[in-house]
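Next come the chains, spelled out residue by residue.
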Amino acid sequence: MTSPSLNMDHFDADENHYMQQEDDWDRDLLLDPAWEKQQRKTFTAWCNSHLRKAGTQIENIEEDFRDGLKLMLLLEVISGERLAKPERGKMRVHKISNVNKALNFIASKGVKLVSIGAEEIVDGNAKMTLGMIWTIILRFAIQDISVEETSAKEGLLLWCQRKTAPYKNVNIQNFHISWKDGLGFCALIHRHRPELIDYGKLRKDDPMTNLNTAFDVAEKYLDIPKMLDAEDIVGTARPDEKAIMTYVSSFYHAFSGAQKAETAANRICKVLAVNQENEQLMEDYEKLASDLLEWIRRTIPWLENRVPENTMQSMQQKLEDFRDYRRLHKPPKVQEKCQLEISFNTLQTKLRLSNRPAFMPSEGKMVSDISNAWGSLEGAEKGYEEWLLNEIRRLERLDHLAEKFRQKAAIHEAWTEGKEEMLQQRDYETASLSEIKALLKKHEAFESDLAAHQDRVEQIAAIAQELNELDYYDSPSVNARCQKICDQWDALGAMTQKRSEALQRTEKLLETIDQLYLEFAKRAAPFNNWMEGAMEDLQDTFIVHTIEEIQGLSTAHEQFKATLPEADKERQAILGIHNEIAKIVQTYHVNMAGTNPYTTINPQEINTKWDKVRQLVPQRDQALIEEHARQQNNERLRRQFANQANVIGPWIQNKMEEIGRISIEMHGTLEDQLNHLRQYEKSIVNYKPKIDQLEGDHQLIQEALIFDNKHTNYTMEHIRVGWEQLLTTIARTINEIENQILTRDAKGISQEQMNEFRASFNHFDRDHSGTLGAEEFKACLISLGFDIGNDPQGEAEFARIMSIVDPNRMGLVTFQAFIDFMSRETADTDTADQVMASFKVLAGDKNYILADELRRELPPDQAEYCIARMAPYTGPDGVPGALDYMSFSTALYGESDL
């Protein structure tokens with residue numbers, strides 16, 4: 001009968017990678033008595049650790065396996081399988097048959113048996129027996145050890161190195177001398193059961209104590225039999241590697257349950273860390289959204305307040321406050337709004353990648369709510385500056401009209417002073433005929449003067465009416481003064497009519513008339529009115545906004561100066577009449593009481609007013625010259641602003657178009673596109689000084705009260721809005737690319753796949769809007785191989801897909817949502833079932849878990865996080881303090897409420 005034999009050199013490379021040993025077991029090694037002693041003791045203890053499960057043990061390893069019965073029993077215990085029925089006879093042939101059954105079973109497990117047969121085991125060959133037991137240990141205790149893609153001996157060594165890495169005085173490099181000081185065994189126990197050993201009291205120079213401590217604790221608390229004595233290891237220069245490996249493998253299997261719990265704990269920690277990070281992002285979003293909405297709520301009433309101020313200074317302060325708002329207060333809020341959108345998109349991306357439900361902010365704090373509130377702010381702001389400028393123009397016009405009203409009223413009131421008393425005199429009753437004639441002529445002159453003042457009164461009333469229409473703040477006093485002038489004017493008219501009738505009745509009695517006085521009066525009165533009008537015009541304030549307007553005033557002034565020679569001739573003629581009157585009075589000794597009875601105007605007054613006119617002319621010249629210089633400076637400011645605005649405006653538009661092209665083109669990888677966009681962002685940020693310079697020019701224009709600019713179609717508001725849109729667009733585009741990279745890396749999408757997705761998306765995005773309509777998206781899916789028909793089943797499938805990519809039912813699909821959907825089709829992410837299974841491992845297969853179990857297996861903060869959120873377990877098998885980890889796991893993934 002041919003017996004299978006056992007090859008101790010190697011296993012087949014295709015089937016058994018665990019047998020890549022540094023040194024193979026051979027017969028010569030067993031000639032070392034110390035090593036043979038260590039193997040006998042270790043292998044015997046190892047076998048008994050399994051045989052005792054069957055209620056038996058061995059005393060002598062080469063004698064007790066000779067009949068094959070306990071050898072077969074050992075294989076059944078460690079494999080969990082039934083072997084062929086053993087022979088119960090005592091004859092040699094029965095023993096060989098039993099040993100052969102055992103060796104055949106070993107061979108059936110993928111071990112090639114060479115060099116050893118059943119006869120040698122039956123004969124009690126110690127070397128062959130030890131070699132056979134070592135092979136069994138390798139196959140059933142060491143082969144299945146796997147750590148980080150290594151197995152068997154290398155896996156066991158790597159496991160030891162990983163577990164003892166935190167211990168500075170332990171350096172495991174092999175399975176012989178690295179274990180002589182005993183600290184390696186103690187470190188393994190302390191790493192998994194720190195309460196069993198006070199590791200800090202161990203010394204490297206006391207190996208006997210260390211080894212005995214480890215072996216005693218392992219036997220007492222870990223159910224690992226004592227396989228070696230400390231003397232066996234310390235007393236040997238190089239302990240037997242197989243004995244050490246066998247002993248260490250027992251520690252590995254004893255702690256394998258803890259290893260599974262650690263793996264389960266790691267999975268839970270990972271899931272909880274993601275959930276905690278997402279909750280923090282949600283809290284940050286809620287706070288930032290609340291702060292921004294509160295700022296908008298407080299700002300809109302201020303912008304909507306259209307209650308005008310009464311003075312230019314107050315309105316200009318309002319304009320300055322608005323400039324501060326646009327320059328200082330609003331830009332940071334623009335950045336906050338942009339950051340809010342970026343944070344929301346990043347959070348949603350992380351939730352999708354971690355298989356969590358989408359984040360729904362509190363009511364009123366959606367991104368759309370923020371955008372609507374921001375739109376209301378922009379709407380309130382839009383007309384505010386225009387209203388301010390219009391109010392300043394109105395107040396400027398009102399101040400001008402009010403000053404003009406006061407000047408004309410003062411002149412009129414000065415003219416009317418004493419007129420009522422004069423008209424009420426009854427001097428004609430005792431006057432001579434000549435005096436009556438004089439009184440009559442004087443009255444006619446007064447009527448002429450009165451008629452000449454009619455225009456001034458009408459102008460005063462018209463100005464008062466305009467001030468009322470423009471809502472002048474001091475309209476009551478203006479109206480009162482105007483009413484007083486009009487009432488006085490009506491009274492003057494009535495009294496003039498009454499005196500005229502009285503003089504006409506007396507005229508028939510009086511015929512002597514001084515023609516020269518009359519002529520003087522008739523000519524002096526209009527000339528006096530002309531001088532008063534000239535003085536009024538020369539002192540009149542003016543407001544112009546263009547060079548053409550000031551040139552028009554200058555031309556009119558030059559025309560006025562051209563009339564002065566003729567006026568001087570008229571003045572000389574009037575003065576000549578007065579001189580002739582004086583000559584006649586002197587010649588004929590006429591008693592004229594020293595005054596012209598027909599007029600109050602005298603030559604001195606005419607000369608005084610004429611000198612005043614001549615004095616005001618050069619003052620008017622200087623005022624026009626200064627205003628002309630100011631308008632030239634305003635024109636320079638207009639051109640300076642226009643030159644910059646006509647460059648910056650098109651530049652912003654071009655950058656917007658370039659960013660749009662970059663976002664839809666597929667040149668290079670996503671990282672290339674991201675770098676390209678960041679370069680664009682850098683160039684855009686570097687352009688900010690030109691915007692600031694333009695803001696400075698704009699401020700100079702507003703301070704100069706320049707309200708229009710024919711040299712450009714761009715206003716500062718156009719540039720501001722364009723600049724803010726440019727910054728927001730580049731930031732959003734960069735965020736989209738970053739989210740695409742995040743999605744690609746998390747989902748394992750290749751660059752070729754990403755390019756294919758982008759090409760398909762761009763092909764159906766015919767309007768280059770960056771989104772697809774429902775029909776465009778459906779056509780795109782079909783082009784990528786999705787089976788979506790026009791039948792009810794296909795329509796239902798497409799509706800399901802649309803609910804994923806368009807949860808807000810906007811009817812549009814963004815590229816990011818498209819990428820998320822495509823990557824989700826093949827993605828492998830954590831699920832609620834996986835987390836639930838991990839909790840079950842920690843709970844020891846129970847349907848509930850206790851707080852102490854969570855605190856033992858998880859980090860403190862994550863353990864408390866679970867305890868605070870897990871509902872009490874209500875099942876029939878529950879105990880006090882039991883927690884429901886199943887509902888908690890489903891809640892993490894949005895399948896129930898947390």
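Residues numbered from 1 in each chain as written. Predicted model: local features only at pLDDT ≥ 70, side-chain atom pairs only at ≥ 80, totals over all residues. Heavy atoms only, no water.

## Examining the overall build of the chain
Phase 1 of the analysis: What the chain contains, in helices and strands, is 32 helices and six strands.
Phase 2 of the analysis: When each of the 898 residues of the chain is scored for burial, the buried share is 46%.
Phase 3 of the analysis: Contacts spanning at least 24 positions in sequence make up 75% of the contacts within the chain whose residues lie at least 6 apart.
Phase 4 of the analysis: Per element, the accessible surface of the chain, about 44900 Å² overall, is 50% carbon and sulfur. (Helix = DSSP H or I, 4+ residues; strand = E, 2+ residues; numbered from the N terminus. Buried < 20%, exposed > 50% of the residue type's maximum accessible area, 1.4 Å probe, protein only. Contact = heavy atoms within 4.5 Å. Areas by Shrake-Rupley, 256 points an atom, 1.4 Å probe, with all protein chains shown as cover.)

## A look at the pattern of salt bridges
Phase 1 of the analysis: Under the definition given, this model contains 56 salt bridges.
Phase 2 of the analysis: A salt bridge links R92 to D123; its shortest N-O distance comes to 2.6 Å. Here the residue R92 occupies a position in helix α4 (residues 92-108), and D123 occupies one in the loop between α5 (118-122) and α6 (126-142), the gap between them amounting to 31 residues.
Phase 3 of the analysis: The exposure class of D123 is partly exposed, given its relative accessible area of 45%.
Phase 4 of the analysis: It is possible to trace a salt-bridge network through shared partners that takes in K37, K41, D229 and D232. (Salt bridge = Lys/Arg side-chain N within 4 Å of Asp/Glu carboxyl O.)

## Observations concerning helix α7 (residues 152-164)
Phase 1 of the analysis: Compared with an ideal rise of 1.5 Å per residue, which puts 13 residues at 18 Å, α7 spans 18 Å between its outermost C-alpha atoms and is within 8% of the ideal.
Phase 2 of the analysis: With 10 of 13 residues buried, α7 is to be regarded as a mostly interior element. (Expected span 1.5 Å × (residues − 1).)

## Focus: the UniProt feature "domain: EF-hand" (unreviewed entry) in the chain
Phase 1 of the analysis: Under the local residue numbering, the UniProt record ascribes the feature "domain: EF-hand" (unreviewed entry) to residues 752-787 and 793-828.
Phase 2 of the analysis: Between the end C-alpha atoms of residues 752-787 the distance is 22 Å, and the span holds 64% helix and 8% strand. (UniProt positions renumbered as here; feature names shortened; annotations may be inferred.)

## Considering unusual backbone geometry
Phase 1 of the analysis: A positive phi angle, near 60 degrees, is found at D223, a position not held by glycine.
Phase 2 of the analysis: Structurally, the position occupied by D223 is in the loop between α9 (207-221) and α10 (230-234).
Phase 3 of the analysis: Look at R809: it is not a glycine, yet its phi comes out positive at around 55 degrees.
Phase 4 of the analysis: With respect to the helices and strands, the residue R809 is situated in the loop between α27 (792-805) and β4 (812-814).

## So, the nonpolar core
Soluble, globular proteins show a tendency: their nonpolar side chains are buried together.
Phase 1 of the analysis: Among the nonpolar cores identified, the biggest contains 78 residues, and I136, F185 and F251 are the most heavily contacted of them.
Phase 2 of the analysis: Sort the elements by how many residues they give to this core and α6 lands first, with 11 residues.
Phase 3 of the analysis: Excluding its chain neighbours within four sequence positions, the residues that come into contact with I136 are W46, L71, L75, I78, I106 and A141.
Phase 4 of the analysis: Formed by 47 residues, the second largest nonpolar core is a distinct cluster that contains I659, Y680, L781 and I788. (Core = buried A, V, L, I, M, F, W, Y, C linked by side-chain atoms within 4.5 Å.)

## Details of the packing of helix α3 (residues 69-79) against α6
Phase 1 of the analysis: Look at α3 against α6: their axes get within 11 Å of each other, and the N-to-C directions meet at 10 degrees. The angle between α3 and α6 places the two elements in the roughly parallel class. The element α3 and its partner α6 pack so that their crossing is right-handed. Here L71, L75, I78 and S79 of α3 lie close against α6, whose contacting residues are M132, I136 and F140.
Phase 2 of the analysis: Per-class residue counts for the contact of α3 with α6 are six nonpolar, one polar and no charged. (Axes fitted to C-alpha atoms, helices over the stretch in contact; angles between N-to-C directions. Parallel < 35°, antiparallel > 145°, perpendicular 65-115°, else oblique. Left-handed = near helix turned anticlockwise from the far one by under 90°. Nonpolar A, V, L, I, M, F, W, Y, C, P; charged D, E, K, R; others polar.)

## Side note on the side chain of H557
Phase 1 of the analysis: Positionally, H557 belongs in helix α19 (residues 547-562).
Phase 2 of the analysis: Its relative accessible area of 5% is what places H557 among the buried residues.
Phase 3 of the analysis: Once residues within four sequence positions are removed from consideration, H557 is found in contact with L538, V617, R620, D621 and L624.

## Topic: the side chain of R456
Phase 1 of the analysis: For R456, the position within the fold is in helix α16 (residues 433-469).
Phase 2 of the analysis: Setting aside its immediate chain neighbours within four residues, R456 contacts K408, I411, H412 and E536.

## Points about the packing of aromatic side chains
Two descriptors summarise a pair of aromatic rings, namely the distance from one centre to the other and the angle between the planes of the rings.
Phase 1 of the analysis: As enumerated under the stated definition, the model contains 23 aromatic pairs in all.
Phase 2 of the analysis: Seen in terms of ring centroids, F43 and W134 are 6.1 Å apart; in terms of plane orientation they differ by 10 degrees. Their pairing is stacked. Taken together, the residues span a long stretch of sequence, with F43 in helix α1 (residues 33-51) and W134 in helix α6 at a distance of 91 residues. For the pair formed by F43 and W134, the shared burial category is buried. (Phe/Tyr/Trp six-rings, centres within 6.5 Å; stacked < 30°, edge-to-face > 60°.)

## Quick notes on the packing of helix α29 (residues 832-842) against helix α32 (residues 885-892)
Phase 1 of the analysis: Interaxial distance between α29 and α32 falls to 8 Å at its minimum, and their mutual angle equals 150 degrees. What the angle tells us is that α29 and α32 run roughly antiparallel. The crossing of α29 and α32 is right-handed. Here A832, V835, M836, F839 and K840 of α29 lie close against α32, whose contacting residues are Y885, M886, F888, S889, T890 and L892.
Phase 2 of the analysis: For the contact of α29 with α32, the residue count by class is eight nonpolar, two polar and one charged.

## Some points on the environment of S475
Phase 1 of the analysis: Here S475 lies in helix α17 (residues 475-507).
Phase 2 of the analysis: Placed 73 residues apart in sequence, S475 and A402 show a C-alpha to C-alpha distance of 9.4 Å.
Phase 3 of the analysis: Those residues in contact with S475, other than ones at most four positions away along the chain, are L467 and N468.

## Thoughts on the environment of I106
Phase 1 of the analysis: Structurally, I106 is set in helix α4.
Phase 2 of the analysis: For the pair I106 and T135, spaced 29 residues apart in the sequence, the C-alpha separation amounts to 8.8 Å.

## Points about the confidence of the model for the chain
Phase 1 of the analysis: For the chain, per-residue confidence averages 80 on the pLDDT scale, and residues scoring 70 or more make up 89% of the total.
Phase 2 of the analysis: Scored below 50 in pLDDT, residues 1-31 makes 86 contacts in the model with residues more than four places away or belonging to other chains. (pLDDT = per-residue confidence, 0-100.)

## Side note on the environment of F821
Phase 1 of the analysis: Of note, F821 is situated in helix α28 (residues 815-824).
Phase 2 of the analysis: Judged by relative accessible area, F821 falls into the buried class, the value being 1%.
Phase 3 of the analysis: C-alpha separation for the pair F821 and I801, spaced 20 residues apart in sequence, amounts to 8.2 Å.
Phase 4 of the analysis: Dropping the residues within four chain positions of it, F821 is found in contact with L781, F786, I801 and V805.

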